[in-house]
Structures are given as structure tokens and as C-alpha cells.
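Structure at a glance
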Amino acid sequence: MISYRKLAMRVLGHSPVSAARTARRSTAKRAAALALTAALVVGMTLPAFAQDWYIEDGDISISAGETGNKVTQGSTTKENDTDTVIKSKDSSTASSNTVTIHADEGKTVNVTLDNVTINVDEGYEHGYDPNAYKTAVSVTGSGNTNIELNGNNTLTSGYGHAGLEHNKTDDSGTLTIQDEKNDDGTAKGSASDTTGSLTATGGYHSAGIGGSDGHDGQATITGGEITATGGNGAAGIGGGAGDKYAAVGGDGDVTISGGTITATGGSLGAGIGGGAYGNGTVTVTDGDITAKATGNYGAGIGGGFGAIPKDTLIGGNGTVTISGGTITEASGGYMAAGIGSGYQGLGTVTIEGDAVIKNAQGGEAGAGIGSGTYGDSEIIIRGDAVIENAESSANGAGIGSGQGDLYPDGDGMVIDLTVGNVTIEGNAKIENAKSGSGGSGIGGGAVGIGNVIIRGNAQIGNATGGDEGAGIGGGVLGTGDVTIEGNVTIENAQGGAGAAGIGGGAETQPDTEDTRNKVSIKSTEAGSPNITAKGGGVLDENAPLAGAAAIGSGSVADGATEVKSDITIEGKVTIDATGGGDVAIGDSTNGETQFSGLQVGTTITRRNAKGDDVSQPGDVVREPEKPAQPTVTPTEGAEAPSTGSVEVERPVTVEGLYVTNVLGKQITHTCTQNGTTLTIRANGIVASAHLTLGMVRTLKAQGVKTLVFTTLLSRSTTVSVDALLAAEPDAPDEMAVVWTHTGPRAALTIGGADHSALLK
């Protein structure tokens with residue numbers, strides 16, 4: 001930029017000269033230059049020098065210039081202001097003047113609020129037209145705006161306007177609220193650092209920060225101490241109230257990467273996210289956040305109220321990703337989730353990284369983390385995330401879906417189930433997940449299905465269902481489809497009265513013959529599960545519901561047909577199961593479920609409600625004792641082998657080998673050896689021979705090359721010892737080898753993996 005002195009000299013036809021030559025300039029010429037300079041200044045805007053702008057002096061308008069901001073207040077305009085600071089002369093007294101910021105496409109406006117207090121709330125003085133009221137600070141344009149916070153700032157807007165307003169459109173830029181510098185302009189990084197703050201309050205139907213009445217809202221917060229309160233129908237931070245008939249407005253797009261945030265939504269709005277009839281998209285990577293929906297139907301963090309005015313859901317969905325920071329509290333309103341969706345919306349929640357959720361509290365019929373009433377959920381919790389408490393006050397899951405629907409249609413009762421899809425993996429830790437009543441701790445809400453996957457190194461402290469809701473699985477009237485695999489620890493999965501600890505909720509009746517509570521528990525390369533589960537007891541002294549299984553199905557009223565359980569346990573597991581009734585693992589229809597072929601080290605402990613041991617064969621698999629003598633020994637009195645060329649078959653004993661029937665109970669078997677061939681015989685149609693790779697290695701060392709298994713109704717099958725050992729050459733000695741004949745069919749597994757192709 002050219003200086004006034006240089007400009008004057010050019011007009012006079014001269015170039016700038018040195019100080020010595022200037023001293024010799026004639027008095028007349030110097031006077032002429034000064035006169036011309038004064039003439040040029042008259043009627044022109046002022047040059048680019050930083051100055052403070054006081055809000056008491058009038059409304060302030062800011063836009064992006066070439067190298068700074070263009071600032072206008074009253075009759076004064078400055079071009080290219082590179083450090084625009086707005087202040088109050090007396091921050092204890094609110095000004096009724098406003099700030100308008102506009103950034104054109106490709107431009108960025110940087111503004112500092114320094115102890116500014118603005119209050120333009122006039123109540124309902126101008127009726128109910130939002131255009132008649134003011135906005136404390138309004139941000140518009142396709143470009144971006146950054147607002148730095150110094151000191152304590154308070155913005156209060158009028159009817160229909162956000163405290164700090166940024167209406168998101170298809171071509172709008174971003175609003176970023178930051179606290180990058182100390183109040184004196186120095187860089188952060190010392191004990192004397194200061195924190196700028198902002199308190200923003202929206203008018204009717206408008207967010208504290210974000211959208212105004214009938215508009216979507218956007219905000220990015222990277223620092224500062226933020227307190228935002230939305231008006232009736234709006235989010236604290238996010239969307240204003242939408243129009244359900246026109247299907248416009250209400251959505252909130254919020255990103256938080258730092259700061260201390262307290263956000264309170266108005267009725268129908270989320271604390272952070274969507275306003276009434278709006279969806280909420282919220283991303284948190286850092287910061288300390290408290291978000292509350294004080295009214296009904298809005299999530300603490302996520303979606304606002306969702307309605308279906310024309311057979312299509314308007315709003316309610318909550319898409320929330322939290323990868324860092326701390327959620328001190330997220331409280332949803334009635335029928336809404338603490339974190340996730342509002343009423344009727346889909347709750348899509350990812351919690352990962354090192355995020356910490358101290359308390360996610362769903363309103364009645366809403367999940368702590370997941371969906372509101374009548375909403376499904378898609379939840380992933382992974383990484384090193386920690387959930388200290390996720391709870392529904394009633395009828396929603398602690399983590400999962402909100403309440404489903406149950407209503408008569410003339411032909412009977414219609415059950416409209418919600419679905420809670422929950423995956424917990426990595427090193428994630430859930431300390432407490434709980435439903436007040438009807439819902440599961442993790443899975444489905446009341447009248448809800450729970451589809452739950454827990455794997456990796458995940459840890460679950462307490463997963464507690466409310467009355468008739470499973471600890472992990474389905475809510476009342478809902479089935480559970482639960483997969484647990486790897487190095488998972490579940491310290492307590494407690495079903496509510498009549499519901500399973502892991503599996504189905506109470507009063508779940510089959511719609512089809514294939515309806516099942518499906519539970520799969522298995523070890524993987526990551527490790528083996530360690531689970532404690534307890535079934536719920538009777539509902540009360542006068543209730544017809546019996547106690548439920550620890551793992552399996554819930555109970556039903558007298559005369560109803562209970563949903564069966566389909567339970568798979570594989571590999572090495574440690575399970576402590578205490579039923580609330582007669583069955584620990586299974587269902588009342590089929591009783592206790594038995595398992596065979598489990599790996600060495602497996603311990604399954606079963607007790608019924610009375611404390612009786614109801615363990616089954618195969619529940620405990622111990623390491624076979626290694627005898628001092630060879631494991632293959634001639635049976636006493638057996639004929640000695642011939643010294644000729646023809647081998648003689650002789651009875652032998654293979655210590656540690658046993659054979660079970662179809663029920664998993666041990667049955668009698670014999671072993672004989674003829675030369676290098678060892679034959680196992682069992683008198684059963686369905687029979688399984690159980691060995692370990694260590695036993696096979698010992699047999700090979702003793703000269704055995706071929707194994708033969710013979711049962712009723714089956715041809716003998718043969719396997720080469722070398723081929724068997726080569727299939728899993730690096731596997732430990734304790735790995736299980738299970739050889740099964742089912743009528744004419746034969747199968748061979750090593751460590752649970754199918755190797756039937758080795759059989760001949």
C-alpha cells in the first residue's frame with residue numbers, strides 16, 4: 001500500500017528523496033504537498049490501522065477486504081483492517097447495537113470479541129414476525145468467519161434469531177469460534193494463560209449458536225468457555241426450529257475440537273445438534289462437554305424431535321462421532337437419547353479413540369446411547385473409548401435402541417420392534433450400561449431386538465437390564481442376537497426380572513418356527529472370553545413370569561410359547577452362569593444346552609436359582625496328565641505280538657482319550673494296536689473321539705503312523721498321524737482334536753477348525 005507522502009510526491013511529479021535533500025526543500029513546495037494531502041483525505045475511507053471498535057458507538061458491519069476487513073460503524077469506514085477487535089466500554093451494561101459479519105466466497109473474516117455484551121431481546125414487542133427483530137451477532141456469506149474470544153462475552157438475540165447466528169445453506173461457509181490467543185494478544189502456553197468465554201442465548205425457535213427460526217445451523221468450536229442456550233424448539237448449539245410441513249430447517253451441523261462447552265436445548269431441540277424437526281450431525285474430537293435437552297423429544301447430543309406429517313420422517317436422526325475429549329453429561333429429553341437420536345429418529349453413534357463418556361442419560365423411553373422412542377440404532381464403540389455410565393431412565397436400552405411400539409389393530413396386538421445394533425470392540429471399556437425398566441443394558445429397548453457384537457479386548461463391567469429386559473440382548477418382547485468373541489471380559493450381565501442375563505427379554509413369543517435367541521461365545525487368536533451372567537428372577541410374588549436363563553431365553557407367562565435359544569460355545573471359555581430359574585444356559589423348553597469339543601482350559605460353571613450345580617458333561621476341560629510311562633500300553637493279559645512277519649492286534653490304553661455321545665456324555669470305547677495302526681472303537685451311532693495334539697505327538701513318538709475310528713452305522717475312517725500334525729504344525733499341545741461320526745458322516749476338527757479333508 002502506498003503512503004500518503006509518496007502519493008503526494010507523485011502528484012507533484014517528484015520521487016521520494018533522502019532526509020538531507022528533504023531538509024533543503026523549499027517552504028513553498030512543502031506547503032503545497034501538505035495542502036494536496038489534506039485535500040485527498042477529505043471524503044476518503046481511513047487507512048489500515050488496527051483499532052478497537054466499541055459496540056456502544058453503533059451497529060458494526062464487517063466484510064472481507066483485500067488484505068483485511070472492511071469495517072463500517074455509523075459514518076466511519078475502514079478498509080483492510082487487519083486486527084478487528086469489538087469491545088464494550090462497559091461490559092456490565094448491555095448494548096442494543098448489533099454486529100453483522102459477511103464473508104464472500106473464497107474470503108475469510110477474522111474478528112475478536114473482547115468483553116462484549118449485547119442484548120437485543122425485545123420480547124414480543126413487534127408481534128410474531130422474526131424479520132422485525134434483531135440478531136446480536138449474525139454471520140453470513142459463502143466465505144469463512146473466525147471469531148476469537150477474549151474476556152467474557154454475552155450475546156442475547158430477539159425473537160426468531162440465534163444469539164450468534166449462522167444459518168447453514170448449500171453455499172454457506174463455516175463459522176469457527178476459537179480461543180487461540182490470550183486476552184493480551186500473546187500466544188497460549190504459560191501458567192498465565194487466559195480463557196475467553198461466550199454466553200449465547202437464542203430467541204424463540206432459535207439456537208444459542210447456529211440456526212435461526214426455520215433454518216439449519218452450523219458451528220465449529222475449537223476453544224473457549226462456551227455456554228449456549230436455545231429458545232423453544234431449538235438446539236443449544238446447532239439448528240433452529242424447522243418447519244415439518246415444508247421440511248426445511250432444524251438441522252444442526254456442529255464440530256467441536258476443544259473448549260469447555262455447556263449447551264442447553266429448548267423444548268423439542270437437542271442440547272447440541274438438531275432443533276425441532278431437525279437432524280443433528282455432531283463431531284467431537286476434544287473438549288469437555290455438557291449437553292442437555294431440557295424439554296421433550298430432543299437428544300442431549302444428536303437429533304431433535306422427529307415427526308411424520310406426510311408418511312415421511314422429518315428430522316429426529318442423530319449422527320454423532322466422538323473420537324476424543326470428555327462428555328461430562330449428555331441428557332436427552334422425554335423419549336429421546338442422551339447421545340443419538342431424538343424421538344422417532346435413527347441413532348448412528350460412533351465412539352472411538354480416547355473418548356470418555358462420563359454420563360449419557362436417556363429420557364424415558366430413550367436410550368442412554370442410541371435412539372429415541374420408535375427409533376433404531378447403529379452404534380460402534382471401539383479404540384480406547386471409555387463409557388462410565390450409559391443409562392435409560394425407563395424402557396430404553398442403556399446402550400442400544402429406544403422403546404418400540406405395541407398397539408391393537410382389531411385383529412390383535414401389533415408389535416413394532418425397534419432394533420439396537422451395537423458393536424463393542426478394540427480396547428473399549430463399558431463400566432455401566434443400565435435400563436430403568438423394560439429395556440436391556442446393552443441391546444434393545446422395551447419392545448426391541450438387541451443385536452450385539454462384543455469382541456477384541458473389550459471390557460464390560462455391568463450390563464443391567466430393567467424389569468423384563470436382558471442384561472445384554474433383547475428388551476421385553478424382544479429377542480437377543482449376541483456374539484461374544486476374543487479376549488472379552490464381562491464382569492456382570494444381569495437380566496431384569498424374567499429376562500436373560502445374555503439373550504432374550506421376557507415375554508418374547510415366536511412369530512415363526514425359526515425365531516431364536518441366538519448367542520455365540522468363542523475364543524479367537526485375540527484370547528478367550530471370561531463371562532459372568534445372571535438371569536432375572538420372578539417378576540414379583542404374584543407375577544406369572546418365572547426366572548430366566550443366565551444365557552439363553554427369557555421367560556413367558558403361563559400358556560405362552562417361549563422363544564427357544566440357539567447357543568454356540570467354541571474354543572476355550574470361562575463362564576460363570578447363574579439362572580434366575582431352573583436353567584443356567586439354555587431355555588425352559590430344551591433345558592440345559594450341552595457343548596462338546598471345547599478346548600483345554602475351558603471352565604463353565606452352572607447354577608440354578610437355588611444355587612444347585614447344574615453343570616453338564618464337557619463343561620470343564622482339563623489338561624490331560626502326562627504319564628511317566630508311554631501312553632500306549634498293552635492291556636493286562638493281552639497276547640504278546642508274534643515274532644513273525646504278521647502283526648497281532650492287541651488291546652491298548654491311550655490315557656486322556658475319551659469318547660462322547662450326541663448328548664456330550666462319555667461312553668465306553670476300546671483301543672487296539674496292530675503294528676503302526678491304532679484303532680478306536682465306540683458302540684454308538686453318533687460319537688466323538690477327543691484327543692489333543694500333544695497326545696498325537698506322543699503316539700507318533702511311540703511309532704504310531706495311522707489312526708482309525710470305528711462306530712456303528714459308519715464305515716471306519718482313517719487319518720495319517722503325519723498329515724494330522726502337519727495341518728497345525730505350530731499349535732500347542734493342548735489344542736483339541738475332535739473326530740466325529742454321525743451315522744455315515746464323518747468330521748474332524750483341530751482347535752475348532754474343520755480338517756475333515758484329512759479323513760479317508
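Before reading further, recall that the structure is shown in the block above.
Residues numbered from 1 in each chain as written. Predicted model: local features only at pLDDT ≥ 70, side-chain atom pairs only at ≥ 80, totals over all residues. Heavy atoms only, no water.

1. Here we look at the overall build of the chain
The secondary structure content of the chain amounts to five helices and 65 strands. Considering the chain as a whole, with its 760 residues, one finds that 51% of them fall into the buried category. Excluding contacts between residues fewer than 6 apart, the proportion of contacts in the chain whose partners are at least 24 apart in sequence is 72%. When the accessible area of the chain is evaluated, it comes to approximately 31,300 Å², of which 47% is carbon and sulfur surface. (Helix = DSSP H or I, 4+ residues; strand = E, 2+ residues; numbered from the N terminus. Buried < 20%, exposed > 50% of the residue type's maximum accessible area, 1.4 Å probe, protein only. Contact = heavy atoms within 4.5 Å. Areas by Shrake-Rupley, 256 points an atom, 1.4 Å probe, with all protein chains shown as cover.)

2. Some details on helix α4 (residues 693-701)
Within α4, the full set of buried residues consists of Leu693, Gly694, Met695, Val696 and Leu699. Note on α4: the residue one or two positions beyond its end, glycine 703, has a positive phi of about 100°.

3. Examining unusual backbone geometry
In the Ramachandran plot, asparagine 80 falls in the positive-phi region, its phi being about 55° despite a non-glycine side chain. Within the secondary structure, asparagine 80 sits in strand β4 (residues 76-81). Residue asparagine 80 is classed as buried on the basis of its relative accessible area of 18%. Of note, tyrosine 297 is a non-glycine position whose phi angle comes to about 80°, a positive value.

4. Quick word on the pairing of strand β14 (residues 175-178)
On β14, burial covers both faces: Leu175 and Ile177 on one face and Thr176 and Gln178 on the other are all buried. Both strand β10 (residues 144-150) and β14 contribute to a ladder of four bridges, which runs parallel. Following the sheet pairing, asparagine 146 is matched in β14 by threonine 176. In this sheet, strand β17 (residues 216-221) lies alongside β14 in parallel orientation, the contact comprising two bridges. Considered in β17, the bridge of isoleucine 177 is made with isoleucine 221. (Pairing = 2+ DSSP bridges.)

5. Digging into a negative patch on the surface
A surface patch of negative charge is lined by Asp104, Glu105, Asp170 and Asp171. Summarising the element assignment, aspartate 104 is placed in the loop between β6 (99-102) and β7 (108-114). (Patch = residues over 30% accessible without salt bridge, like charges linked within 9 Å, V, L, I, M, F, W, Y side chains within 5 Å. Salt bridge = Lys/Arg side-chain N within 4 Å of Asp/Glu carboxyl O. Lys, Arg positive; Asp, Glu negative; His and termini not counted. Charge placed at Lys NZ, Arg CZ, Asp CG, Glu CD.)

6. So, the pattern of salt bridges
A full pass over the atoms with the stated rule returns 14 salt bridges. The residue aspartate 179 makes a salt bridge to lysine 188 at a minimum N-O spacing of 3.1 Å. By relative accessible area, lysine 188 is classed as partly exposed at 31%. One network of salt bridges, in which partners are shared, links Asp52, Lys87 and Asp114.

7. A closer look at the layout of surface pockets
Rolled over the atoms, a probe sized like a water molecule indicates the empty space that remains. Estimated volume of the largest pocket: approximately 400 Å³. Taken together, 23 residues form the lining of the largest pocket, with Val620, Val621, Arg622, Tyr658 and His690 sitting closest to its centre. Elements with a contribution of two residues or more to the lining of the largest pocket: β56 (658-660), β60 (686-692) and β63 (736-742). Per-class residue counts for the lining of the largest pocket are 13 nonpolar, nine polar and one charged. (1 Å grid on protein atoms, 1.4 Å probe; cavity = no way out; pocket = protein on both sides within 12 Å on 5 of 7 lines; lining within 4 Å. Points joined across faces, edges and corners; volume = space filled by probe spheres on them. Nonpolar A, V, L, I, M, F, W, Y, C, P; charged D, E, K, R; others polar.)

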